[in-house]
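Chain by chain, the residues:
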Amino acid sequence: MIDNLVFGGAERQASYLINNNIGIDQIILIEDERKYELVTQKPIIALNPRILKLYQRPIEDMRASNKLAKLFTPTDIVISFLERSNIMNVKSALKSQHKTIISVRNYLSEKYKSAKYFWRVGQIRKYYPLADLIVVNSLGSKKDLITNFDIPEEKIKVIYNCIDLDKVELLKNQKIEEKYEHIFEFPVLINIGSLTPQKAQQQLIESFKLVKKEYPGYKLVIIGTGKLEKELMKTIEKLNLKGEVYLLGNVKNPFKFLNKSEIFVLNSNFEGFPNVLLEALAVGVPVISKNCLSGPAEMLEVPTYDNEDILLTKYGYLYPKKDNNQINYYEEEKMYLFESISNLIDMKENNKYDYECISANCIRRARDFSKQKIMRQWSELLK
């Protein structure tokens with residue numbers, strides 16, 4: 001069960017579970033909206049025909065929970081993704097007595113730290129401890145649930161996100177649309193993510209302005225949509241970066257754009273397990289990542305990090321995420337990002353062998369998260 005299958009990391013992982021035969025008998029969508037392709041003969045139930053407005057969700061979600069309580073039986077195992085579905089899963093189980101496996105895909109204390117989320121946080125605190133099992137996609141997220149939501153450690157299991165490497169190999173070689181070809185005649189830095197404060201593209205664009213002074217031939221491509229699109233466009237114009245920074249919106253196949261790029265940048269303020277970073281690794285694009293909570297340090301195999309200076313890993317650079325209460329944290333991060341980008345560009349242009357070794361390391365690392373390996377872990381969970 002999941003809210004919907006519109007573009008997103010949790011939605012992509014859910015689609016992998018649906019499309020691979022791990023013992024799922026039925027799919028339930030809270031809202032019948034699908035962007036990911038489903039390859040399954042299993043029945044799909046949609047509780048609402050479209051994406052609900054925010055003001056509609058409380059009453060409609062309550063109705064859905066009551067409906068699900070009648071649908072499920074004590075012999076069922078229900079896996080859910082995302083907070084609305086997770087809460088419905090546990091609430092309905094109080095009546096139906098089915099087994100609940102809820103999946104947490106983000107660093108919840110950071111995602112919901114604003115006071116406006118007090119109701120959502122209350123619901124998480126109330127219902128998540130009642131789940132039979134909670135699957136998280138990073139050790140950081142596991143620690144967050146234990147420390148900030150009082151979830152018993154024995155109820156939490158880490159299963160990393162997966163990637164379909166065969167599909168990546170196919171998709172990365174597809175031709176880029178003619179309208180974008182001119183961009184990739186230049187070396188490109190690429191970022192993929194929703195245009196929201198979480199992904200911090202404003203900071204990335206400002207940092208890229210500094211990069212342009214040192215390396216004027218580079219372009220920046222950002223893939224994704226979101227509420228900050230107009231604001232980012234204004235920043236691009238204000239910094240005279242029109243024709244240098246491109247907002248491409250959502251694309252069906254990000255891999256062909258990654259394959260034409262020199263460096264992938266993840267500048268998020270927080271994550272659960274950033275799928276886009278895994279996608280970049282799979283294509284073999286050297287990465288630069290902020291040391292956000294959580295995911296990147298684990299993925300880049302940095303078990304200990306003092307968070308004080310940029311660090312060259314086997315896969316690219318990791319740089320500090322500073323405390324938002326710290327004076328000048330924003331400018332500090334921006335300069336760390338600028339230094340990381342500059343160092344990796346310098347390596348690419350002046351030490352091609354090291355750059356290509358990093359690229360090869362990225363491809364090898366992605367194999368640790370292959371669909372086959374991760375699906376086996378999910379299958380074991382359902383036995």
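Calculation rules
Residues numbered from 1 in each chain as written. Predicted model: local features only at pLDDT ≥ 70, side-chain atom pairs only at ≥ 80, totals over all residues. Heavy atoms only, no water. Helix = DSSP H or I, 4+ residues; strand = E, 2+ residues; numbered from the N terminus. Buried < 20%, exposed > 50% of the residue type's maximum accessible area, 1.4 Å probe, protein only. Contact = heavy atoms within 4.5 Å. Salt bridge = Lys/Arg side-chain N within 4 Å of Asp/Glu carboxyl O. Pairing = 2+ DSSP bridges. Axes fitted to C-alpha atoms, helices over the stretch in contact; angles between N-to-C directions. Arc of directions from axis to C-beta.

S.K.: What exactly am I supposed to notice about the side chain of Thr235 here?
M.R.: Following the sequence through the fold, Thr235 ends up in helix H10 (residues 229-238). Residue classification places Thr235 among the buried residues on the basis of a relative accessible area of 8%. Those residues in contact with Thr235 that sit more than four places away from it in its chain are Gln202 and Ile205.

S.K.: Looking at this structure, I do not really get the pattern of salt bridges. What am I missing?
M.R.: Side-chain pairing between opposite charges can occur once the charged atoms of the two side chains come close. Following the criterion strictly, the structure yields 25 salt bridges and no others. Here Lys314 and Glu301 are joined by a salt bridge, their closest N and O atoms 3.3 Å apart. A residue pair is termed long-range when its members are at least 10 positions apart, and Lys314 in the loop between strand E12 (311-313) and strand E13 (316-319) and Glu301 in the loop between helix H13 (296-299) and E12 qualify at 13 residues. Note on Lys314: relative accessible area 47%, which makes it partly exposed. When its relative accessible area of 38% is taken as the criterion, Glu301 is described as partly exposed.

S.K.: What am I meant to see in the sheet that holds strand E3 (residues 77-81) here?
M.R.: Pairing between the strands of a sheet is mediated by backbone hydrogen bonds and can be parallel or antiparallel. The four strands are arranged E3-E4-E5-E6 in an open sheet whose pairing can be described as parallel. Of all the strands in the sheet, just E3 and strand E6 (156-158) have a single pairing partner and so form its edges. In this sheet, neighbouring strand axes are inclined to one another by 25° on average, regardless of whether the strands run parallel or antiparallel. Across three bridges, strand E5 (residues 133-136) lies against E6 in parallel orientation. Among the inter-strand pairings, Val135 is bridged to a residue of E6, identified as Lys157.

S.K.: Quick question: what am I supposed to make of H10 here?
M.R.: An α-helix turns once every 3.6 residues. As a result, residues three or four positions apart point the same way. Along H10, the positions that sit buried rather than exposed are Leu232, Thr235 and Ile236. Considered in projection along H10, the buried side chains sweep an arc of 100° and stay on one side of the axis. Projecting away from the buried face of H10 at angles above 90 degrees are the exposed residues Lys230, Lys234 and Lys238. Looking at the buried positions of H10, the neighbouring elements they touch are helix H9 (201-214) and strand E9 (245-249). Immediately downstream of H10, the backbone of Asn240 shows phi near 55°, a positive value.

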